[in-house]
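Each chain is listed here by its residues.
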Amino acid sequence: VNIPAGERAARLGEAVAVLAGAAVLDEHEPCPGSHIVIRVTGIESDEAVGALGTYLTGLIAGLVAVDLSITERYVGALPADAGQLRSEVERVVGTSNDVADHFRDTRRNPWIAECLAHVLLMIAGGEPGPCVPGRIWAVTLPHDKVSQQGLDLVAVYEDDSLPALCIGESKASELSAAPHLNRSIRLFREIDARDRDYQIRVVMINSLEAHLPTELREQVPGMFWRDRRLYMPVIGYSAASDFDPTTNRPTTFGELLVALDRRRCVAIELNDFHTFFDGVADAMRAAVDVYVAEEPE
Amino acid sequence: MFSAATRAYFDQLPELPGLDAADARRLLSAAYADVLAARDGFERAAGPPAPEAVAFLRRLAAALEAHAVFRDGVGADERRAAAFIAAESLSLTLGTETEVEGEGPAYRLLRRPVFEAIESALLYVIGGFESNGALTLTGIESFERGANAAEAVAAEEALDTMAALVRLSPAPGPAGQLRPIDEGGGDESLTAGVRRAVFTRISNAAATHLRWLRATDDQEREDAIARLRESVEILAEANAARYADVQHLSRLVLRVVEETEARALRRVPRPPGDQYSSYLQARALSRPLIWPSGTEYVAECLPGPHQHAAVALPTGSGKSFIAELAASQALLDGWVLYLVPTNALAVQVRRDLATALNSLEGTTVRAFVGGSEYTELSGETVADVESGTVMVMTPEKCALALRRSPQAFNTLKLCVFDECHLISEAGGRGVLAELVAAHVLAIAPEVRFLLLSAMIENPEVAAEWLAAATGVAALAVRTPWRPTRTLRGVLGFERNGLRAAAETAQAALAELPNHRKNLAFSAPYAALVNLQGAWTELGDDEYALLVLGETGDLRLHRSAAGGNWNYELQDDGYLNPTLADVATLLSHRGEKVLAFVPRNRHHAFSVAASVNGGDPLDLTASADGVLIDAYVQLASLELGAPTVLGDLIRGRVTVHSSALTDAERTASELAFQRGLANVMVATGTLAQGLNLPATAVLVGGTEVGYSAEPDADAETRVRAQLLNAIGRSGRPGIANHGIALVIPNHAVSFSAENLNTRLALQRAAVLAYEDASVVLTSRLGSLVALALDGAIVGDAMSTDEMVAYTYLPEGEAQDALARRILGRTFGVWRARPDAVDDAAQTVAHALRVVGEGFIAAADAPTWTTEVAYRSGLALPDVFALHRAVRNRQVFELPADVEGWFTLLIDMLRSMPLVRVQALVFGGISLSGLRFSQLGEPGDPEEGSWNAFAETIRRYMRGETVSAIAAYATTADPPVDQGRTVGSKPIPKTLSFLQEMAYRLSLVAGGLAALWLVGDEQAHADEGAAAWALPPEARAPLDLLPLAIRCGAASRSSLAWYRFGMRHRVAAHALARSFPLPDELTDDGATREWIRDTRRRWLDGDIEAAEVADPSLALALRRASSFEGV
């Protein structure tokens, strides 16, 4: 983590550019009725998987760098094991792909899926895209561990010259995507019921707001009041499963309290589910060296 | 639900598209109605849908919090307003949903209900409503604490410290050092380590600031706050969502620091000297913050107070604390006069102020309670008042002090006039109060006034008056700020349920024999509540309907008409049972209920008897219970039989009315104040200032007393009394919100389809008014106008005018003082603000001319005006008394109190009965008493006067109320102890004795003044030689007025009552046990002897032989210790 922040950003930028070139996002036609479906393809190529590894490890490197900097300012010194990017990465995705199924299915893959949602917003490059129909100004970073508190993703985008919220919830399941999607929808219901307000409020006021241009920042109290928000579940699943994201779901999706064009299900159908996630994990471990400069002699 | 002040908060809200302040108020009220409905088992049948209200309020909370707390450049008022409404919105929706699934329970701050509770509590503090904040934290202790990881430990500590800051309770942890940021465990992530460090900084900042506020420690605060600020900057730069929650709390705590610094008690502008610092330091422990209602007074008038102020604040908004702060400074080099409208309030103020000023060395707080009877006893007068003394008294008592000891007012520094709207009261009290205030202004050169009222609309005018009268600046404070909100409604029946029940009843009645004309049936109770505050708008969307889930009784009546039956609903007699029913219902659901019966004071007992206040109370189970039991025993001693109040209190119900003994009143107040009783049934007398707040107020009927001739004054008085009752709902620190329901004299019904708001308001018109609704006016106004017009006529003087006339000193030497007093009255200043002195002179002259004419016509000596001046009796009464004495040609003067009493009765007997009736018996019913003829036209039988005198003698000899009642009402013993009807022996006798203690002692004071002034004249004028008063006759005459008022004719019993035990029968018992030595004649020495004897008795060194029952002896000691001297 001892490379300059600028260089790290450049690596991240390169990875995003590769992913933007590889990923194909299509809005499914016809609309199922209860929600809009965005299909994502093209991210299983070696090049895309490698770029994902570089990007995700870069995100962790950024988190570690920030935490180190804060810790140093708080206690006046770096912790003894500062700079252990590899151990952080391995904490998240394991030291190899030979890990217990439970860790793989409940920790590693969900974390990668959470990052995928983040990546999909980043590759829009600040322009309106299929996922979010407005310029994205700020996005939360993925958690450093999947069990951490809070929503997977909160973003602020520009909606009719005013700030609006995008709330993402990611799931990854080889063969049982439907119940996972339902769990996502339950979370959106909790948001509808105002049970998650405090998480959104706290993140918005204390983190995202700072990234907004002045004219939008002034509108943040108004944004809470207008209550304009978009729900974006991101579901990674195997092509071999019988999950169909385009099924009309009037009693789940359809009953969320936002307009149809703000219920956007991002479907990532993977031809080889495990190969993809193993590949990303390998690429992340390999990318550690990208962010750790050699110690000067 | 919102008062004018909180409505003003809404007006300061930032502009949000589509946000309407009225909507916000409406939905907040609806949310409170839902909270209430959930708490009390009601069902809300109309009003905004609950989910809609919740969604609205949560959006509002987020928007306002973002605006109020996290925006720079927001004005202080706007920030406070937004923070308060955000806090209210959050807190009212707390607990409306279940906790979301999957949240990790690592520590409490990670749980939504806990996080939002502390967030809302901190916002309340920023908004200036810290007592509300403390209440929102009630539930956080029920969540499991985190303990395993270092982050969890730091987070729990931060939560505890923030909670202590909100509650202003002692900060956890040791003072004097900042807690270091602990080492994390080996497996702690970097993020967890950072969060732990932030929590520790929050704890340090909150704890050191709290210690600073409470003045227990000043160290490290600046450093801790600087470090928290630095932490906020670091995290702001990092801008990481994973720290958003700790950043949020950090920023809230910093705002709390800012807000509370400005209101810290220790920042009060203070006079020099360590003495005051020690007071502030000690007081900051219990009251570290000044409420927003007090900040303007503190900033503008202290130190000193160096200027006058007229302060209008609602009930329960911190008036007493403002007075305490002003007094605490004024006492340092002078004394403080504290005027209150009633003796009961004087006792309470003395007790509260003595406790509050305990740490101010050299301070004494004395209450001068009693009537306004004239006396020359030094122990009953304000002679030379030492610096550091607070004298609490009524204006009547003060009037005597001003006449007797004007020199004492040279060192008066502050006059607090609580409930100063008294000067607008008709019937003589208002005029007297105004003249007393003006008199103080005229003779106390350094006095500063602090006028306090919960009701006046125009403090600005009062302030102008004070400034004009003294040339010293005067501040007007009108802050309708209140720490609690009240939902106001009308109680009636749910119409659909009522109709169905009535139809069933009609069918049942139709089946009954023809002689059956009535059938009772039950209908569901419902309450229609307004969602704004006062009932000013009648649109349905401004109201919510609550169905209470219980039924009340009504009656169906039928009458024959043309071969058919006409059926009609009848509600006569429904009022009190409904009041009792609903009081029971609310108390069983956890509310502290004040149930008012404004119409008749005896109804309080009958309603109370029908209330079930909850599980039986064991008075021996707590210290408070034991004290209350002591007063119950004391009351039973006074009554001569167990008081029915004892059983009521053991059923958790109390009564507060003027038809109580002093001990009963204290027992009642203690039982309610200390939470042992759940319901207090009270008459309008409670409306005057006593601190007895409740969570629910019920007003049973909208008529006060029975008045045959309603007039504008009566209407205003009734309205004020009812609004004052309504204003008692809500208890700071106990409940942020309260409910006040008016039960109209005639039943009203509502349904969700037809809320019937118009009729409801018609039946409970008082709800259309705000709390403060009285314009301060002068009762002297008409007299001044007449005098200035040269149209004053002695014979046609009103009561107010007569009081004014007799108040002012007469005679050449006193003219200047009369003019000075008049020139400082509100009335003269209002009439001629630009020519006050001239106007005062004109009025004084007019009064003198009329007075002289009046005296000449009465064929009385001129010195009788001095008698009227000293005694406070009206001139015609003094003339009548003078004539009576002169005609009696008394040559041998009595040598004891009873002898003088006999002489007084003889004088009254010789006066025309109509005058005696006006003077002594006016307005009270003597029916049912042996001497009822004294209240009737025509000559009474000879025995009537004897029976009257014998009744009073028995009272003065210390007989129990039952024994006196047995004689006076000719009831056979044992005397019925019932209190539910005024005509029963005990209430009849108690009322009569209370009236006589006041009125007859006043007349006795007139007699004493007559002889004393006559005696003074006798030295200079041979014509007055008949009035010469030898010392042996004078001493008992001095005692006579007090002997009548206190019910103690002997020297010993009166001394014990005055200085040892202010309960009549108990004082007599102690007097018999410890008789006053004969050689003690001086009042001061008598007081010392009684106090010393009492102390030895309390210490157990001596026993009271006349109190044989050990349990009673213990009760007497407990009560005596509690009351102090």
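Caption draft 1: Structural context of the overall build of chain A. Of the regular secondary structure elements, chain A holds nine helices and seven strands. For a compact globule of 297 residues, the expected C-alpha radius of gyration is about 19 Å, and chain A comes in at 19 Å, within 12% of that figure. Seen through its C-alpha atoms, chain A measures out along the principal axes to roughly 65 × 50 × 30 Å. The buried share among the 297 residues of chain A stands at 56%. Here chain A has roughly 11,600 Å² of accessible surface; of this, 49% comes from carbon and sulfur atoms. Chain A carries 27 positive and 45 negative side-chain charges, and their two centres are separated by 7 Å.

Caption draft 2: Focus on the overall build of chain B. Secondary structure summary: chain B contains 42 helices and 18 strands in total. For a compact globule of 1125 residues, the expected C-alpha radius of gyration is about 32 Å, and chain B comes in at 32 Å, within 12% of that figure. The C-alpha extent of chain B, read off along each of the three principal axes, is 105 × 90 × 70 Å. By the burial criterion, 61% of the 1125 residues in chain B qualify as buried. Restricting the contact set of chain B to residue pairs at least 6 apart, pairs at least 24 apart contribute 75%.

Caption draft 3: Local environment of the interface of chain B and chain A. Taken together, the contact between chain B and chain A spans 52 residues of the former and 42 residues of the latter. Together, the buried faces of chain B and chain A total about 4,100 Å²; carbon and sulfur atoms form 58% of this surface. Per-residue buried area on chain B facing chain A is highest for B:Arg59, B:Leu190 and B:Arg242; these three make up 17% of the total on that side. For the interface between chain B and chain A, the tally reads six salt bridges. The shortest N-O distance in the salt bridge between B:Arg242 and A:Asp67 comes to 2.9 Å. Where chain B packs against chain A, one counts 18 residue pairs in polar contact (both at pLDDT 80 or more).

Caption draft 4: Representation of the side chain of B:Glu434. All names here are of chain B. For Glu 434, the location among the structural elements is in helix H16 (residues 429-443). One buried charged residue, Glu 434, remains without a salt bridge, the closest side chain of opposite sign being Arg 779 at 8.1 Å. Of note is the side chain of Glu 434, whose polar atom sits 2.6 Å from the backbone nitrogen of Gly 827. Apart from the residues lying within four places of it in its own chain, the contact partners of Glu 434 are Ile 423, Ser 778, Arg 779, Leu 780, Thr 825, Phe 826 and Gly 827.

Caption draft 5: Focus on the pairing of strand E2 (residues 308-312) of chain B. All names here are of chain B. In terms of residue burial, E2 counts as a mostly covered element, since five of its five residues are buried. Every second residue of E2 is oriented toward a common face, with His 308, Ala 310 and Ala 312 on one face and Ala 309 and Val 311 on the other, all of them buried. Relative to strand E8 (residues 474-478), E2 runs parallel, the two sharing five bridges. Within E8, the position partnered with Ala 312 by the bridge is Arg 478. Note: E2 against strand E7 (residues 448-453), four bridges, orientation parallel. Bridging across to E7, Val 311 finds its partner in Leu 452.

Caption draft 6: Representation of the packing of aromatic side chains within the structure. All chains considered together, the criterion is met by 29 aromatic pairs over all chains. A centroid spacing of 5.2 Å and a plane angle of 80° characterise the contact between A:Phe276 and A:Phe277, whose relative ring orientation is edge-to-face. Here A:Phe276 and A:Phe277 have matching classes, each one buried. These aromatic residues form a ring-pair network of at least three members: B:Phe84, B:Tyr124, B:Phe129, B:Trp291 and B:Trp481. Over the ring of B:Trp212 we find B:Arg221; its NZ or CZ atom is 4.0 Å from the centre of that ring. Taking NZ or CZ as reference, B:Arg287 lies 4.7 Å from the ring centre of B:Trp291, over its face.

Caption draft 7: Examining helix H18 (residues 495-510) of chain B more closely. Residue and element names in this part refer to chain B. Relative to the 22 Å expected for 16 residues at 1.5 Å per residue, H18 spans 22 Å between its end C-alpha atoms, a close match to the ideal helical length. Considering only its buried residues, H18 is in contact with strand E9 (485-494), strand E10 (518-530), strand E11 (543-561), strand E12 (564-570) and strand E18 (749-750). A distance of 3.2 Å separates the backbone nitrogen of Asn 496 from a side-chain oxygen at the start of H18, and that oxygen is part of Glu 494.

Caption draft 8: Expanded view of the environment of B:Trp291. All names here are of chain B. Note on placement: Trp 291 falls in the loop between helix H11 (274-286) and helix H12 (292-301). Residue Trp 291 is classed as buried on the basis of its relative accessible area of 14%. The spatial distance from the C-alpha of Trp 291 to the C-alpha of Val 440 is 30 Å, given a sequence separation of 149 residues. Excluding residues within four positions of it along the chain, Trp 291 makes contact with Glu 130, Arg 263, Gly 316, Ser 317, Gly 318, Trp 481, Pro 483 and Pro 732.

Caption draft 9: Structural view of the pattern of salt bridges. If you walk through the whole model with that rule in mind, you get 78 salt bridges over all chains. For the salt bridge of B:Asp23 with B:Arg26, the shortest nitrogen-to-oxygen distance reads 2.5 Å. Of this pair, B:Asp23 and B:Arg26 both sit in helix H2 (residues 21-40), three residues apart, which is roughly one turn of that helix. Between B:Glu156 and B:Arg108 there is a salt bridge, and its shortest N-O distance comes to 2.6 Å. Of this pair, B:Glu156 sits in helix H7 (residues 150-167) while B:Arg108 sits in the loop between helix H4 (76-93) and helix H5 (112-127), and the two are 48 residues apart along the sequence. There is no split in this pair, since B:Glu156 and B:Arg108 are both buried. One connected set of salt bridges, linked through shared partners, spans A:Arg201, B:Arg58, B:Glu65, B:Arg112, B:Glu116 and B:Glu119.

Caption draft 10: Up close: the environment of B:Glu300. Residues and elements named next belong to chain B. With respect to the helices and strands, Glu 300 occurs in helix H12. For Glu 300, a relative accessible area of 39% gives the class partly exposed. Note: C-alpha distance between Glu 300 and Leu 475 (175 residues apart in sequence) is 7.5 Å. In this view, Glu 300 contacts His 306, Gln 307 and Leu 475; residues no more than four positions away in its chain are not counted.

Caption draft 11: Focus on helix H1 (residues 5-22) of chain A. All names here are of chain A. Counted at 1.5 Å a residue, the expected span for H1 with its 18 residues is 26 Å, and the 26 Å between its end C-alpha atoms agrees. Of the residues making up H1, those classed as buried are Arg 8, Leu 12, Ala 15, Val 16, Leu 19 and Ala 22. Along the long axis of H1, the arc covered by the buried residues comes to 120°, so they all point the same way. Projecting away from the buried face of H1 at angles above 90 degrees are the exposed residues Gly 6, Ala 17 and Gly 21.

Caption draft 12: How the structure looks around the side chain of B:Thr208. Residues and elements named next belong to chain B. Take Thr 208: it is sitting in helix H8 (residues 190-213). Thr 208 sits in the buried class, given a relative accessible area of 4%. A polar side-chain atom of Thr 208 sits 3.2 Å from the main-chain carbonyl oxygen of Ala 205. Not counting residues up to four positions away in its chain, the partners in contact with Thr 208 are Leu 178, Asp 217, Gln 219, Glu 220, Arg 221 and Ala 224.

Thresholds, definitions, all that
- Residues numbered from 1 in each chain as written.
- Chains lettered and ligands numbered in written order.
- Predicted model: local features only at pLDDT ≥ 70, side-chain atom pairs only at ≥ 80, totals over all residues.
- Heavy atoms only, no water.
- Helix = DSSP H or I, 4+ residues; strand = E, 2+ residues; numbered from the N terminus.
- Rg over C-alpha atoms; globule rule 2.2 N^0.38 Å.
- Buried < 20%, exposed > 50% of the residue type's maximum accessible area, 1.4 Å probe, protein only.
- Areas by Shrake-Rupley, 256 points an atom, 1.4 Å probe, with all protein chains shown as cover.
- Lys, Arg positive; Asp, Glu negative; His and termini not counted.
- Charge placed at Lys NZ, Arg CZ, Asp CG, Glu CD.
- Contact = heavy atoms within 4.5 Å.
- Buried area = accessible area lost by both parts, 1.4 Å probe.
- Salt bridge = Lys/Arg side-chain N within 4 Å of Asp/Glu carboxyl O.
- Polar contact = N/O pair within 3.5 Å; in protein donor to acceptor, adjacent residues only side chain to side chain.
- Pairing = 2+ DSSP bridges.
- Phe/Tyr/Trp six-rings, centres within 6.5 Å; stacked < 30°, edge-to-face > 60°.
- Lys NZ or Arg CZ within 6 Å of the ring centre and 35° of its normal.
- Expected span 1.5 Å × (residues − 1).
- Arc of directions from axis to C-beta.

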